[in-house]
Amino acid sequence: MSAINPERRKFLGKTSAVFAGLVIAPGVLLYDFAHGRAAGEAASGRVRWGMLVDTGQCASDCNDCVSACNKENGLSGGTSATDSQWIRKVELKDLRSGRTTSLPVMCQHCEHPPCADVCPTGASFRRADGIVLVDKHRCIGCRYCMMACPYKARSFVHEPLTDQNPDVPRGKGTVESCTLCVHRVDRGEQPACVEACAKAGRRAILFGDIADPESEISKRIRAVASAQIRADLMLNPGIRYEGM
Amino acid sequence: MKLMKNFLLVLLLAMTPAWAGDSVAPRLDIGKGGQCVEDPKLMRRNHMDILRHQRDETMRSGVRGSRHSLAGCVDCHASSRNNSVLGGSENFCQGCHTYAGVRIDCFECHSSKRKTVAEAGK
C-alpha cells in the first residue's frame, strides 16, 4: 500500500466536495436511515451502502456472521465447492511476525464491478445505492461473473432448492452472492451479519451510507486507517477493512 | 391495427361469461379473501404483465411495498389448507395454470407459502 492510489485521491477530493456542499445547507437530512425508504420509492443514487470491518475485533474462532448470513438467506452452511457461500472467514498470516488476522470476505460491492462488465445479459448490475446484485430473472447461469470477480465472492446454485426464505428467492441454475441483505436494508434494518456480530459483543462490522459524510461509518473512515482489498485494481469496493 | 384491437377486445369480452359459467373451469381456493389488488377480471388476463413489471421495479430499482408484489399475491392467495399457492388442482396459481396449460418457473425460487406462516415455522 505504499504506491500512490489515484482512486483514493479522487475519493478524498469528492468527499471534501460533498462536505462543502453540506455546509451550504446545514441541517438538511437527505436520508433517514432508521426507517428505510417509503413504499414506492426507488433506491437513491445519493446513497452508497458500505461496510467497515474492524479486523481487530474479529476473532478467528467466531463464525457468527457466516451463520447469521446462512440463516437469513437460506444457505445450507456447507462449504464444499458446490455449496453457496456468501461470506467466507479468511485467515491471514504474516509469515515474518507470525501475526494472524481474521476477517469476513463477501461481495465487496465495487463501484466498478467486473462481474457486471462481463455479464452478457445485464443480470449482474449495480443498484443506484451501490449494492451489486444478480437479477436472477435475467441470469442464464453462464458464470462469467464468477470468473471475473477477484474476490471469489460468488456462488452458483447446482441443485434444486425448496423452502426458500420468502424474502430471499434462490434457485438452481443461477449465480448469487451477498446482497448486503437488500431486503432488510430496504426496510431500514442492518444486514444480518452486522446484527449477529454486534450480538456476539464484537461490533466488528459497521454498516452505513459511505456517501453521507455525516454517517457514523464515514466519520470512522475519516478517523482511522482502513484499506480496500486489492485496492490496486481500482474497483473502489464499498467494503473496507481496518487493521489489515 | 385499430380494427384488429377492437376485434380482439370484442373477442375477449365475449370470452368472459363463457369462462365464468364454465362448469369445467377450475374451482380455486382464493385463499385469505378480501379484495384483489386489481379488478379480478383484469387480473385474470393481465397478472403476468403486472408481475413482470413489478419484478423489474423491485429487482432493478429497489421499489418496495407495492401492492403488486408477488409475495403479496402469495400471502393472500395461499390456500388455508396447505398455506401454499401450489399443491393441487384447487391451489390458486397451480390450479388455474394446470387448467390453462401454463407452466411457470417463478416458484423454483420464490416461496409458494404464506410468508407469516413460513417464518413462524422457522
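Up top you'll find the structure we're talking about.
Because the structure is predicted, anything quoted here is derived from the model rather than measured.

Draft legend 1. Just the packing of aromatic side chains, in detail. All names here are of chain A. Counted under the stated rule, the structure contains 1 aromatic pair over all chains. When the centroid spacing of 5.1 Å and the interplanar angle of 15 degrees are considered together, the rings of Trp 49 and Phe 207 count as stacked. Here the residue Trp 49 occupies a position in strand β1 (residues 49-54), and Phe 207 occupies one in strand β8 (residues 205-209), the gap between them amounting to 158 residues. Classification of Phe 207 as buried rests on a relative accessible area of 5%.

Draft legend 2. Region of the structure containing the environment of Asn70(A). Residues and elements named next belong to chain A. Residue placement: Asn 70 occurs in helix α2 (residues 64-73). Owing to a relative accessible area of 15%, Asn 70 belongs among the buried residues under this scheme. When the C-alpha atoms of Asn 70 and Thr 55 are compared, they prove to be 21 Å apart, with 15 residues separating the residues in sequence. Residues in contact with Asn 70, not counting those within four places in the same chain, are Leu 75 and Gly 77.

Draft legend 3. Here's a closer look at the sheet that holds strand β10 (residues 239-242) of chain A. All names here are of chain A. Judged by pairing direction, the sheet is mixed, and its 4 strands sit side by side in the order β8-β1-β10-β9 without closing on themselves. Among the strands making up the open sheet, the edge pair consists of β8 and β9 (226-227). Both β9 and β10 contribute to a ladder of 2 bridges, which runs antiparallel. Across the sheet, Ser 226 pairs through a bridge with Glu 242, a residue of β10. Its contacts with the sheet place helix α7 (residues 216-223) against β1, β8, β9 and β10, and it is angled at close to 115 degrees to β8.

Draft legend 4. Quick peek at the nonpolar core. Met51(A), Leu180(A), Ile205(A) and Tyr241(A) are the most contacted members of the largest nonpolar core, which totals 47 residues. Where this core is concerned, the elements lending two or more residues are β1, α2, β3 (100-106), β5 (132-134), α5 (182-185), α6 (192-199), β8 and β10 of chain A. If we skip the residues at most four places from it in the chain, Tyr241(A) touches Leu52(A), Val53(A), Thr55(A), Leu103(A), Pro104(A), Val105(A), Met106(A), Gln108(A), Ser226(A), Ala227(A) and Ile229(A). In this structure, Leu70(B), Ala78(B), Val85(B) and Cys93(B) belong to the second largest nonpolar core, which totals 6 residues.

Draft legend 5. Summary view of a nonpolar patch on the surface. A grouping of Val118(A), Tyr144(A) and Met147(A) is seen on the molecular surface, where their side chains present a nonpolar patch of about 330 Å² in accessible area. Among the secondary structure elements, Val118(A) is positioned in helix α3 (residues 114-118).

Draft legend 6. Inspection of the interface of chain A and chain B at higher detail. In this complex, chain A contributes 27 residues to the contact, which on the side of chain B involves 18 residues. Between chain A and chain B the total buried area reaches about 1,900 Å² when both faces are included, carbon and sulfur atoms providing 50% of it. The three residues of chain A that bury the most area against chain B are His137(A), Pro166(A) and Pro169(A), which together make up 28% of that side's buried surface. Inspection of the chain A/chain B interface yields 4 salt bridges. A salt bridge links Asp135(A) to Arg60(B); the nearest nitrogen and oxygen atoms lie 3.1 Å apart. Linking chain A to chain B there are 10 residue pairs in polar contact (both at pLDDT 80 or more). When contributions to the side of chain A that touches chain B are tallied by element, the ones reaching two or more residues are β5 and α5 of chain A.

Calculation notes
- Residue indices begin from 1 for each chain and proceed along its sequence in written order.
- Chains carry letters and ligands carry numbers; both start at the beginning, A for chains and 1 for ligands, and go up in the order they are written.
- At least 70 in pLDDT is required for a residue's local features to be given in this predicted model, at least 80 for side-chain atom pairs to be given and counted, and no such filter applies to totals for whole chains, interfaces and linings, which use all residues.
- Computation of side-chain values: all heavy atoms of the structure, hydrogens and water removed.
- In summary, the pairing rule links any two rings of Phe, Tyr or Trp, Trp by its six-membered ring, whose centres are within 6.5 Å, and it sorts them by plane angle into stacked for under 30 degrees, edge-to-face for over 60 and tilted for everything else.
- Counting from the N terminus, the helices are DSSP H or I runs at least four residues long and the strands are E runs at least two residues long.
- The buried label applies to any residue whose accessible area, calculated with a 1.4 Å probe on protein chains only, is under 20% of its type's maximum; exposed applies above 50%, and partly exposed to all values in between.
- It only takes one pair of heavy atoms within 4.5 Å for two residues to be counted as in contact.
- For two strands to be treated as a pair, DSSP must find at least two bridges joining them.
- Inter-axis angles, ranging from 0 to 180 degrees, are taken between N-to-C directions of lines fitted to C-alpha atoms, where helices are fitted over the stretch in contact.
- For the purposes of this section, nonpolar cores are sets of buried Ala, Val, Leu, Ile, Met, Phe, Trp, Tyr and Cys residues that join through side-chain atoms within 4.5 Å.
- Residues forming no salt bridge and having over 30% relative accessible area are the ones grouped into patches, like charges within 9 Å of each other and nonpolar side chains (Val, Leu, Ile, Met, Phe, Trp, Tyr) within 5 Å.
- Methods summary: accessible areas were calculated by the Shrake-Rupley approach with a probe of 1.4 Å, and residue burial reflects only the protein chains presented.
- Only one rule defines a salt bridge in this text: a Lys or Arg side-chain nitrogen within 4 Å of an Asp or Glu carboxyl oxygen.
- A 1.4 Å probe defines the accessible area here, and the buried area is the portion of it lost by two parts on being joined, summed over both.
- Pairing of N or O atoms within 3.5 Å defines a polar contact, subject to two protein rules: one partner must be a possible hydrogen donor and the other a possible acceptor, and residues neighboring in sequence count only if both atoms are side-chain atoms.

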